[in-house]
Amino acid sequence: MQRRTILRWAAPIAAALALPHGASWGAEAYPEKPVRLIVGFASGGGADTITRIMAEGLSRQLGQQVVVENRPGADGVLAAQAVSGARPDGYTLLMGTNTAMVAAPTLRPNPPYDPFKAFAPISSAGQFSMFLVVPASLPVKSVGDLLDMVAARPGAYNSASSNSASELAMLQLLGGRKVVNARYKGDMQAMTDLLGGQVQMMFTTGTLAPAFVRDGRIRALVTLQPQRSALLPDVPSAGELGLGKLTITPWAGFFGPPGLPAGITEKLSAALQQTLKDPAVHERLTQQGFEGYGMSPAKFAEFFRAQHDAFVSTVREHGVSFE
């Protein structure tokens, strides 16, 4: 009897040991229902727009609807915490940006979480193009003009931001010159006040800037990309202007809760990588000034750590801290 009992359990154990490396129970059937993809910024902004484009493609790859849910506020921390505390079954995911995943844990006196313990890296999504813009009514034609104007009247002008990364980029640009920063929940709200003249400068994404530049309502002075953007080819890059101190690279990636099974993680990563290779998705992202590219979970984890360490180094170099 004892021998028969041992043999009865031996078959499932052998089957489990025969699973491919990284696979896990439930991964083959996953997903069996819609997947929530939470983004930490308001609708209409750059992060929301590119998330929705990728969600459509990912839905096709997975054969299940991927529903985008906006949870704006606190630099994306609210969205990140919602995912970190979710059940690790692959049905609650985060579109995380460097603000929630690097800036908030680095800059806050009481970090909301340890980003390396609170999340499971799945795949990179890519990086945003960023432009420094001002209202067309502002009498400046270049970055030099803007810096001279701010230096002449310290504290008299306002900047807008919706995340810590753009704030840090502005601090790097200003180099000690004083402006008053106004924080918004999303880029669209910030852009509205820039157009209305309540604020005089902001870093914004390629999702919003081009249309307003083309209709003459705002002026773009520089892009943070290493080269000029095809969206606004007349706008110089930071390198061209000798602004090598502008080191912020706004990126985005997909994360799950801690403990996400390896098989589900791998399946999601593969689906995301295929989504980002889809020509239709690639074209739509490019039109938004977003360079999409996917990575394996291991490669993305390495990228994530390197970006975190570079950000920390920049913060220490400039002596930056936020209340």
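Bear in mind the structure is a predicted one, so any value in this text is a computation, not a measurement.

Conventions used here
- Residues numbered from 1 in each chain as written.
- Predicted model: local features only at pLDDT ≥ 70, side-chain atom pairs only at ≥ 80, totals over all residues.
- Heavy atoms only, no water.
- 1 Å grid on protein atoms, 1.4 Å probe; cavity = no way out; pocket = protein on both sides within 12 Å on 5 of 7 lines; lining within 4 Å.
- Points joined across faces, edges and corners; volume = space filled by probe spheres on them.
- Helix = DSSP H or I, 4+ residues; strand = E, 2+ residues; numbered from the N terminus.
- Nonpolar A, V, L, I, M, F, W, Y, C, P; charged D, E, K, R; others polar.
- Pairing = 2+ DSSP bridges.
- Axes fitted to C-alpha atoms, helices over the stretch in contact; angles between N-to-C directions.
- Phe/Tyr/Trp six-rings, centres within 6.5 Å; stacked < 30°, edge-to-face > 60°.
- Buried < 20%, exposed > 50% of the residue type's maximum accessible area, 1.4 Å probe, protein only.
- Lys NZ or Arg CZ within 6 Å of the ring centre and 35° of its normal.

Caption draft 1: How the structure looks around the layout of surface pockets. Estimated volume of the largest pocket: approximately 260 Å³. Taken together, 12 residues form the lining of the largest pocket, with L171, L174, R177, V179 and N181 sitting closest to its centre. Top element by residues in the lining of the largest pocket is helix α6 (residues 164-174). It accounts for 4 residues. Considered class by class, the residues forming the lining of the largest pocket number 5 nonpolar, 4 polar and 3 charged.

Caption draft 2: Just the sheet that holds strand β11 (residues 290-292), in detail. The mixed open sheet is built from 6 strands, whose spatial order is β2-β1-β3-β10-β4-β11. The open sheet is flanked by β2 (66-70) and β11, the only strands paired with a single partner. Geometrically, the sheet is characterised by an average inter-axis angle of 30° between neighbouring strands, direction not taken into account. Inspection of the sheet shows strand β4 (residues 120-128) paired to strand β10 (residues 251-256) by 6 bridges, in the antiparallel sense. When the bridges of β10 are listed, Q127 appears paired with W251.

Caption draft 3: Molecular detail of the packing of aromatic side chains. Scanning all chains against the criterion turns up 12 aromatic pairs. With centroids separated by 5.1 Å and ring planes inclined at 50°, the aromatic side chains of F255 and F300 adopt a geometry described as tilted. With F255 in strand β10 and F300 in helix α11 (residues 297-318), the pair connects residues that are 45 residues apart, well separated along the chain. Across the pair, F300 and F255 agree in class, each one buried. Each residue in the set Y113, F116, F119, W251, F255, F300, F303 and F304 is aromatic and connected to the rest through ring pairs, giving one cluster. Above the ring of Y91, the side-chain terminus of K33 is found at 4.7 Å from the ring centroid.

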